[in-house]
Number of protein chains: 2
Amino acid sequence: MSKTKRFILQENEIPKAWYNVIVDMKNKPLPLLHPETKEMLKVEDLEPLFATELAKQELNTTDRWIEIPDEVRDKYKNYRSTPLVRAYDLEKALDTPAHIYFKNESVSPIGSHKLNSALPQAYYCKQQGVTNITTETGAGQWGAALSYAAKVFGLELAVYMVKVSYHQKPYRRSIMETFGAQVIASPSMTTRAGRKILTDTPNYQGSLGTAISEAIELAMQTPNCKYTLGSVLNHVSLHQTIIGLEAEKQMEMAGEYPDIVIGCFGGGSNFSGISFPFLRHKLTEGKEVRLIAAEPASCPKLTRGSFQYDFGDEIGYTPLIPMFTLGHNFAPAHIHAGGLRYHGAGSIVSQLKKDNLIEAVDINQQDIFKAAMLFARTEGIVPAPESSHAIAAAINEALKAKEEGKQKNILFNLSGHGLIDMAAYDQYLSGDIRNYELPDEDIAKNVSVLEKIIK
Amino acid sequence: MSKTKRFILQENEIPKAWYNVIVDMKNKPLPLLHPETKEMLKVEDLEPLFATELAKQELNTTDRWIEIPDEVRDKYKNYRSTPLVRAYDLEKALDTPAHIYFKNESVSPIGSHKLNSALPQAYYCKQQGVTNITTETGAGQWGAALSYAAKVFGLELAVYMVKVSYHQKPYRRSIMETFGAQVIASPSMTTRAGRKILTDTPNYQGSLGTAISEAIELAMQTPNCKYTLGSVLNHVSLHQTIIGLEAEKQMEMAGEYPDIVIGCFGGGSNFSGISFPFLRHKLTEGKEVRLIAAEPASCPKLTRGSFQYDFGDEIGYTPLIPMFTLGHNFAPAHIHAGGLRYHGAGSIVSQLKKDNLIEAVDINQQDIFKAAMLFARTEGIVPAPESSHAIAAAINEALKAKEEGKQKNILFNLSGHGLIDMAAYDQYLSGDIRNYELPDEDIAKNVSVLEKIIK
C-alpha cells in the first residue's frame with residue numbers, strides 16, 4: 001500500500017536546459033542540404049523560414065546544453081513536471097516480473113507532449129518581432145498545442161490540417177479555433193502546392209508532407225511570418241528532451257534505471273524527447289540501455305525505409321534531409337494514428353538507427369488497439385492511438401521479460417491521451433479496425449526516385 | 001519567474017480520511033424519509049439499494065472523519081493529489097488585485113472529479129460481494145468515471161445516459177464502452193419507469209431524474225445488484241471532500257487562505273467537495289470565508305427553487321429528500337452543461353443555504369462560454385461547460401475585487417476539462433449559444449404539487 005506510484009518534481013527541479021545529443025554523437029548526422037544548390041545548409045539559409053534562434057538551434061553541433069528561456073520555463077510550469085508513473089496495474093494484468101514506468105505527457109492541458117516545443121517556437125518568433133506563424137498538423141495534436149502557444153505569446157496562426165483528420169477529428173479543429181487559430185483543410189486552393197496536388201489528384205485526402213508544403217509556402221508569402229514544425233527537425237527534438245531529462249530525475253526518485261526506453265515514432269519528436277537523455281548515458285558512460293522507436297506497420301520508415309537524402313515535404317520546399325524514408329510522395333494508409341503518418345525520420349534519429357544505437361519495431365493497427373484497451377482498463381487512461389504504439393512495444397518487452405524470467409525496467413512515453421480519438425475506439429469495439437499491408441514493391445517504387453534528387 | 005504556479009502534495013500527504021461536515025453543523029439537515037411510509041429513513045431502508053457501507057455513510061451524523069480504505073487510496077494515487085494552480089495569466093488578463101487559485105480536477109484520467117466517489121462506491125460494492133451495479137449519467141462524466149471504477153474492481157455496470165447527451169456526446173458513450181460498461185439511452189423501454197415516460201411524452205429527450213428512476217428500477221430487479229449515484233447524496237459529498245482537504249493543505253503551501261471558495265452546482269458533489277473542508281473552519285473556528293455555489297440560470301434550484309421535501313428522481317423511487325428544488329418533474333432546458341441539469345440540491349447543501357452559511361449565484365449560458373473562452377486562452381485548459389460556471393463566478397468576484405481595490409484570495413474548483421464538449425464550443429464560436437429564460441410561473445407550477453407528497 002505504501003509503494004509510490006507517481007513521481008513528480010518540484011517546480012525548482014524542472015530542468016533549466018535542453019539536451020543537444022549531437023554533441024555526444026561520434027558519427028554526426030549528415031548535414032542538411034539546400035534544396036536548390038545542394039550545398040550544406042547555413043543558418044542564413046534557414047532564417048527566411050524559421051526564427052533565427054531556432055535556425056541556430058537546428059544547426060548547433062557544439063553546445064551540449066541549451067538554456068530554456070525564463071518565459072518558456074514559466075509556461076512549462078503550467079503543466080510540468082509531468083508525472084512518471086509506475087504501471088502496477090498493467091504489470092499485474094500481464095503477470096510480468098518487469099517494472100513498467102510511463103512518463104505521462106497526456107496531462108498537458110492540450111493532452112500531449114507537443115506543447116513542449118510549441119511554447120519555445122512561439123516564444124522565439126515573438127521575441128524577434130514576428131507577428132504571424134504557420135504550421136501543419138496531422139491528427140491535430142501539434143496544431144492544438146501551437147494554437148495555445150501562439151495565443152500565449154500574441155501571434156496570429158494559420159494551420160494546415162491534413163484533410164482526412166480535418167473531417168475525422170472535428171474536435172481537434174474546434175480546440176484550435178477556441179484558441180484563436182485559423183484552420184485550413186489541406187490540400188487547399190490557398191497555395192500553389194495545394195492547387196498542384198488537387199489538380200493532379202482531385203480527391204486527395206492529404207498528408208503531412210503536403211500540409212508542410214502549404215504551410216511553408218504561406219509563410220514565405222506573408223510579411224513578417226515564420227513557419228514552425230512539430231517534429232522531424234533537430235530543434236524540435238531538442239525541446240522535447242525536457243521529457244527525458246525529467247524522467248531521468250524521476251527514475252532516480254524511483255530508485256531504478258530503465259533497461260529499455262520506448263517512444264512511438266512519427267517524425268521523431270516524442271521518441272527523441274524520452275530517449276536522448278538516456279542515450280547520453282550510453283554514449284558518454286557506456287551505460288546499457290535499449291532505445292526502441294515504435295512505428296506503425298503501415299508507415300515503417302525506420303524498419304523498412306531507405307536511408308537517403310529526401311525532402312521533408314511533398315513538393316520539395318524543405319532542405320534535403322538525410323533520413324530513413326519511404327519517399328516524400330508516400331501516401332500512408334488512413335490509420336487512426338494520424339500523428340505517425342509521415343514518410344521520414346529526422347536526421348539525428350536516422351543516423352542513430354544507421355549506427356545501431358537505437359532499435360525500431362513496427363506494429364500493426366489491431367495490436368495497437370488491443371494494447372490501448374488493456375492500458376485503458378488497467379491504468380484508467382484512454383491513450384492516443386499514436387502513444388499506443390509505445391504501449392504495445394512496452395507490453396511486448398514485458399511479456400518477453402516474463403518468458404525469460406527476468407526483471408527488466410521498462411520506461412515508455414505516454415505522449416498523449418485519446419479522448420479526442422474516441423471514434424477510433426468505437427470502430428475497434430465494433431470490430432472495424434483493420435491492418436494495412438505495405439508490399440515491398442510499393443516502398444521500392446517510392447524511394448527509387450530519390451537517388452536522382454541529389455544526383 | 002521564481003513564483004510557484006502549481007502546488008502538489010506528495011503521495012503520503014494525500015488525506016487519509018474524508019470529512020463529514022454534518023457533525024459540525026449546528027442545524028442538522030432534516031432527515032431523509034421513506035418514500036412510502038414517510039418515516040425517517042434507517043440504514044436497513046437504504047441497504048436494498050446501496051452497499052451497506054455507503055448506506056451507513058449516508059446516515060452518519062456522528063463521525064467527523066471517515067477513513068479512506070487502503071484499496072481506494074491506492075487508486076486515488078493514480079491521479080491524486082491534483083494540482084492547486086495559481087492562475088497568474090487569468091489574473092493578468094482581468095487586471096485584478098485578486099489572487100485566483102483553482103484546484104485542477106481535470107487531470108484525473110477520466111477528465112473530472114467524479115472518480116473521487118466512483119472508486120469508493122465500486123470498492124464498497126465489491127467488498128460485500130456485489131457483482132452488478134447500475135447508475136445514471138447526464139453529460140457522461142459520472143458514467144465514464146464509474147465505468148473505469150467498475151472495471152478496476154471487477155463489477156458489471158449498466159449506465160442509463162440522458163438521451164439528449166447520448167446523441168450529443170457520443171465520445172463519452174464510447175469512453176464508457178471502452179471501459180466495458182453497457183450504456184442505454186434514457187428514457188428507454190427496458191424499465192417500467194422509462195416505458196411510462198415514453199408513453200406519456202413519446203419524444204422525451206430525458207433528464208437525470210428519469211435516468212435515476214430507470215437505474216434504480218434495474219438495480220432492484222437484478223440479482224446481486226446495487227445502485228450508485230454520482231451526486232446529491234451525503235456519501236457522495238463525503239467522498240468529494242478529498243478535493244477541499246487537499247486544497248486546504250495546498251493553500252497553506254501557497255501561504256494564503258481563501259476569502260472565497262467557489263464550485264459549480266448540479267447536485268452538489270463538486271461544490272461540497274471543494275467547500276466543506278473550508279466550511280469546517282467557518283463552523284468550528286468562526287473563520288471568515290464565503291462559499292459560493294454557481295448554478296445555471298436555466299436550472300436555478302438554489303437561487304429560485306423552493307425548500308421542500310421532494311424525490312430525487314422523476315418517478316418517485318428515491319427517499320424523500322429535504323431540498324431546494326424546482327420539482328422532480330422539472331424538465332431543464334438543453335444547455336451544454338448537462339451535468340448541472342438536475343432539479344434539486346442535496347440535503348446538506350440545502351440546509352446550509354437555508355441557514356445562510358453558503359451563497360448561490362445563477363449564471364446564463366452566454367456568460368459561461370465567455371468565461372470559458374477567457375480561461376482557455378489564458379490558462380490553456382479548455383474547461384467543461386459545467387466547470388465554467390465556477391470560472392464565471394470567480395471572474396465576477398475578481399472584477400468586484402478590482403472595483404473595490406481589494407486583494408482577495410479566490411479559490412474555485414475546475415471540476416473537469418471540456419475536450420469532449422467541443423461541439424458546444426463550435427456553437428459558441430458560430431454565435432449559436434443562447435440563454436434560456438425560466439419564468440417564475442413555471443417554477444411555481446412545478447413545486448406546487450410537492451406539498452401534497454408529504455401531506
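This text follows the structure it describes.
Residues numbered from 1 in each chain as written. Chains lettered and ligands numbered in written order. Predicted model: local features only at pLDDT ≥ 70, side-chain atom pairs only at ≥ 80, totals over all residues. Heavy atoms only, no water.

Caption draft 1: Here's a closer look at the overall build of chain A. In terms of helices and strands, chain A carries 19 helices and 15 strands. A buried classification covers 68% of the 455 residues belonging to chain A. Put simply, 77% of the contacts in chain A that link residues at least 6 apart link residues at least 24 apart. Carbon and sulfur atoms provide 47% of the accessible area of chain A, an area that totals close to 15100 Å². Side-chain charges in chain A split into 48 positive and 53 negative, and the spacing between the mean points of these groups amounts to 1 Å. (Helix = DSSP H or I, 4+ residues; strand = E, 2+ residues; numbered from the N terminus. Buried < 20%, exposed > 50% of the residue type's maximum accessible area, 1.4 Å probe, protein only. Contact = heavy atoms within 4.5 Å. Areas by Shrake-Rupley, 256 points an atom, 1.4 Å probe, with all protein chains shown as cover. Lys, Arg positive; Asp, Glu negative; His and termini not counted. Charge placed at Lys NZ, Arg CZ, Asp CG, Glu CD.)

Caption draft 2: Up close: the packing of helix H12 (residues 269–285) of chain A against helix H14 (residues 347–354) of chain A. All names here are of chain A. Two numbers describe how H12 lies on H14: the axes approach to 12 Å, and their chain directions differ by 55°. It follows from the interaxial angle that H12 and H14 lie oblique. Considering the relative orientation of H12 and H14, their crossing is left-handed. Note on element contacts: H14 touches H12 through Ile348, Val349 and Leu352, opposite Phe271, Ser272, Phe276 and Leu279. Looking at the contact of H12 with H14 residue by residue, the classes come out as six nonpolar, one polar and no charged. (Axes fitted to C-alpha atoms, helices over the stretch in contact; angles between N-to-C directions. Parallel < 35°, antiparallel > 145°, perpendicular 65-115°, else oblique. Left-handed = near helix turned anticlockwise from the far one by under 90°. Nonpolar A, V, L, I, M, F, W, Y, C, P; charged D, E, K, R; others polar.)

Caption draft 3: Representation of the pattern of salt bridges within the structure. Following the criterion strictly, the structure yields 41 salt bridges over all chains and no others. Linking Lys103 of chain A and Glu246 of chain A is a salt bridge whose minimum nitrogen-to-oxygen distance equals 2.7 Å. In this pair, Lys103 of chain A sits in strand S5 (residues 99–104) while Glu246 of chain A sits in helix H11 (residues 234–254), placing the two residues 143 residues apart along the sequence. In this structure, Lys103 of chain A and Glu246 of chain A share a single accessibility class: buried. We note a salt bridge from Glu359 of chain B to Arg290 of chain B, for which the minimum N-O separation is 2.8 Å. (Salt bridge = Lys/Arg side-chain N within 4 Å of Asp/Glu carboxyl O.)

Caption draft 4: Local environment of the interface of chain B and chain A. Taken together, the contact between chain B and chain A spans 48 residues of the former and 48 residues of the latter. Three residues, Tyr171, Thr178 and Arg377 of chain B, lead the burial of chain B against chain A; their summed loss comes to 16% of the area buried on that side. Joining chain B to chain A, the criterion identifies six salt bridges. Here Lys75 of chain A and Asp89 of chain B are joined by a salt bridge, their closest N and O atoms 2.8 Å apart. Going through the elements one at a time, helix H3 (70–76), helix H6 (141–152), helix H8 (170–178), helix H15 (365–379) and helix H17 (422–429) of chain B are the ones with two or more residues in the side of chain B that touches chain A. It is H8 of chain B that contributes the most residues to the side of chain B that touches chain A, six residues altogether. For the side of chain B that touches chain A, the per-class residue count stands at 19 nonpolar, twelve polar and 17 charged. (Buried area = accessible area lost by both parts, 1.4 Å probe.)

Caption draft 5: Region of the structure containing the environment of Asp24 of chain A. All names here are of chain A. For Asp24, the location among the structural elements is in the loop between strand S2 (17–19) and helix H1 (43–46). Asp24 sits in the buried class, given a relative accessible area of 14%. Expressed as a C-alpha distance, the spacing of Asp24 and Ala372, which sit 348 residues apart in the sequence, is 35 Å. With near-sequence residues (within four places) excluded, Asp24 lies in contact with Tyr19, Arg64, Arg280, Leu283 and Thr284. There is a polar contact of 2.6 Å between the side chain of Asp24 and the side chain of Tyr19. (Polar contact = N/O pair within 3.5 Å; in protein donor to acceptor, adjacent residues only side chain to side chain.)

Caption draft 6: Broad picture of the pairing of strand S15 (residues 409–414) of chain B. Residue and element names in this part refer to chain B. With six of six residues buried, S15 is to be regarded as a mostly interior element. Relative to S15, strand S5 (residues 99–104) is paired through six bridges, and the arrangement is parallel. Within the sheet, the bridge partner assigned to Asn104 lies in S15 and is Leu414. Alignment of strand S10 (residues 260–264) against S15, held across three bridges, turns out to be parallel. Across the sheet, the residue bridging to Ile260 is Ile410, located in S15. (Pairing = 2+ DSSP bridges.)

Caption draft 7: Quick look at helix H10 (residues 208–221) of chain A. All names here are of chain A. Between the first and last C-alpha of H10 there are 20 Å, a value that for 14 residues agrees with the 20 Å anticipated at 1.5 Å per step. In terms of residue burial, H10 counts as a mostly covered element, since eleven of its 14 residues are buried. Along H10, the residues classified as buried are Leu208, Gly209, Thr210, Ala211, Ile212, Ser213, Glu214, Ala215, Ile216, Glu217 and Ala219. For H10, the secondary structure elements touched by its buried residues are strand S6 (132–137), strand S7 (156–162), strand S8 (182–186), helix H9 (192–200) and strand S9 (225–227). (Expected span 1.5 Å × (residues − 1).)

Caption draft 8: Up close: the layout of surface pockets. All names here are of chain A. Taken as a whole, the second largest pocket holds about 340 Å³ of empty space. As for the second largest pocket, its lining consists of 16 residues, and the residues nearest its centre are Pro35, Leu49, Ile216, Met220 and Tyr317. The set of elements that each furnish at least two residues to the lining of the second largest pocket consists of H1 and H10. Ranked by residue count, the leading element in the lining of the second largest pocket is H10, at four residues. (1 Å grid on protein atoms, 1.4 Å probe; cavity = no way out; pocket = protein on both sides within 12 Å on 5 of 7 lines; lining within 4 Å. Points joined across faces, edges and corners; volume = space filled by probe spheres on them.)

Caption draft 9: Up close: the environment of Lys353 of chain A. Residues and elements named next belong to chain A. Locating Lys353 in the fold gives a position in helix H14. When the C-alpha positions of Lys353 and Leu302 are compared, they lie 7.5 Å apart, and in sequence the two are 51 residues distant. Discounting chain neighbours no more than four positions away, the residues touching Lys353 are Leu302, Phe324, Ile358 and Ala360.

Caption draft 10: Examining the relation of the copies chain B and chain A more closely. For the pair chain B and chain A, the superposition axis carries a translation of 0.0 Å, the fit reaches an RMSD of 0.0 Å, and the rotation angle comes to 180°. Both chain copies can therefore be described as sitting about a two-fold axis. For chain B, the minimum C-alpha distance to the rotation axis belongs to Val107 of chain B and amounts to 3.0 Å. A shared binding surface is used by both copies, with 100% of the interface residues of chain B retained as interface residues in chain A. (Least-squares fit on C-alpha atoms with pLDDT ≥ 70 in both.)

Caption draft 11: Region of the structure containing the sheet that holds S8 of chain A. Residues and elements named next belong to chain A. Strand order in this open sheet of four strands is S8-S7-S6-S9, and the pairing throughout is parallel. Strands with a single pairing partner mark the edges of an open sheet, and in this sheet they are S8 and S9. Between one strand and the next, the sheet's axes are offset by a mean angle of 20°, whatever the strand orientation. By the bridge criterion, six bridges tie S6 to S7 in an arrangement that is parallel. Bridging from a neighbouring strand, Asn132 pairs with Glu156 of S7. Against the sheet, H10 engages S6, S7, S8 and S9, with an angle of about 170° to S6.

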